[in-house]
Amino acid sequence: YLGFLKLKSGEARDALEHLKIASTTDPKHAEAWLHLARAYFELGTYGDALHALSELFKLDPGHPNGHFLEARIALKRKEKDAADRALRAAIAGDVGFSPAYLMLSRIYTDVGAYEPAMKVLNEGLRFSPEDVNLMEALGLAWMDMGEPSVACGVFKIAVQSPRADYTVHLNYAAALLQ
C-alpha cells in the first residue's frame, strides 16, 4: 500500500522497493504487479516493466490497465503495431475502457488514418456514450478531415456535458468559425 501511495505521489524510485516486496510477498496479487510495472515505466526501465506485466498477465490475461501500460511502453519504443495489439487487448478485457479507444484513435490520426480512428472512437462511444474525451477526439478528427459542420454537431453534444473542459468549448468555437 505504501508503494502505491508513493507511486501515486510521483515518487517512483521510492515506490519501487515497496512494490518489489509486495509482489514477492504476495505473487498472486495482480495489482501489485501492475503497480510495480508502472513504477518501472515511470523510471524508464521498460524491460523490467514488461517483465512485471508478464507476471500480471499470468494472473489476469485480460487486465485492461496492464495492456494499456503495455501500449504506452510500446509507443515509447516506437512500436505502433505492438501498441495497437495491446490496446485491442485492453478493449477486449473491458469494452468500456475509454482510454484505450482514445489512445488507439490517436495512433491512427498521427499517421493521417482518420477513417479507422473515427471507427475506433465511434465504437468507444457505443460503450461509453457520455465520454467527453472520445467526443472531442471525434470532433477533432472531423475537423482534420475538413468537415467542420459535422464536427460542430459532435462538439455541440460534448459541450453540454458537465465534464466538458475549456478545450472542448474552444474546439467547438473553432469549428463554428470555419
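As a convention, each chain's residues are numbered from 1 in the sequence order in which they are written. Selection of residues for local features in this predicted model requires a pLDDT of at least 70, selection of side-chain atom pairs for listing and counting requires 80 or more, and totals for whole chains, interfaces and linings are taken over all residues. The side-chain figures draw on all heavy atoms in the structure; neither hydrogens nor water molecules are used.

This paragraph deals with the packing of aromatic side chains. Pairing of aromatic rings covers Phe, Tyr and Trp, the last through its six-membered ring, and needs centres within 6.5 Å; plane angles under 30 degrees mean stacked, over 60 mean edge-to-face, and all others mean tilted. This structure, assessed with the given rule, holds two aromatic pairs. Relative to Y46, the ring of F41 lies with its centre 5.7 Å away and its plane at 45°, an arrangement referred to as tilted. Considering the side-chain rings of F68 and F97, the 5.6 Å spacing of their centres and the 90° angle between planes classify their relative orientation as edge-to-face. Taken together, the residues F68 in helix α5 (residues 64-76) and F97 in the loop between α6 (80-93) and α7 (98-110) connect sequence positions 29 residues apart. For the pair F68 and F97, a shared accessibility class is recorded, and that class is buried. A run of DSSP states H or I qualifies as a helix once it reaches four residues; a run of E qualifies as a strand once it reaches two. Both are numbered from the N-terminal end. Each residue is assigned to one of three classes by its accessible area relative to the maximum for its type, calculated with a 1.4 Å probe on protein chains only: buried under 20%, partly exposed between the two thresholds, exposed over 50%.

Think of a salt bridge as a Lys or Arg side-chain nitrogen and an Asp or Glu carboxyl oxygen that are within 4 Å of each other. Taken as a whole and assessed by the stated rule, the structure comprises four salt bridges. Put simply, E17 and K20 hold a salt bridge, and the shortest N to O gap is 3.5 Å. Pair noted here: E17 and K20 are both in helix α2 (residues 12-25), with a separation of three residues, about one helical turn. Residue E17 is classed as partly exposed on the basis of its relative accessible area, which comes to 46%. For K20, a relative accessible area of 31% puts it in the partly exposed group. The partner of D84 in a salt bridge is R88, and the shortest N-O contact between them spans 2.8 Å. Of this pair, D84 and R88 both sit in helix α6, four residues apart, roughly one helical turn.

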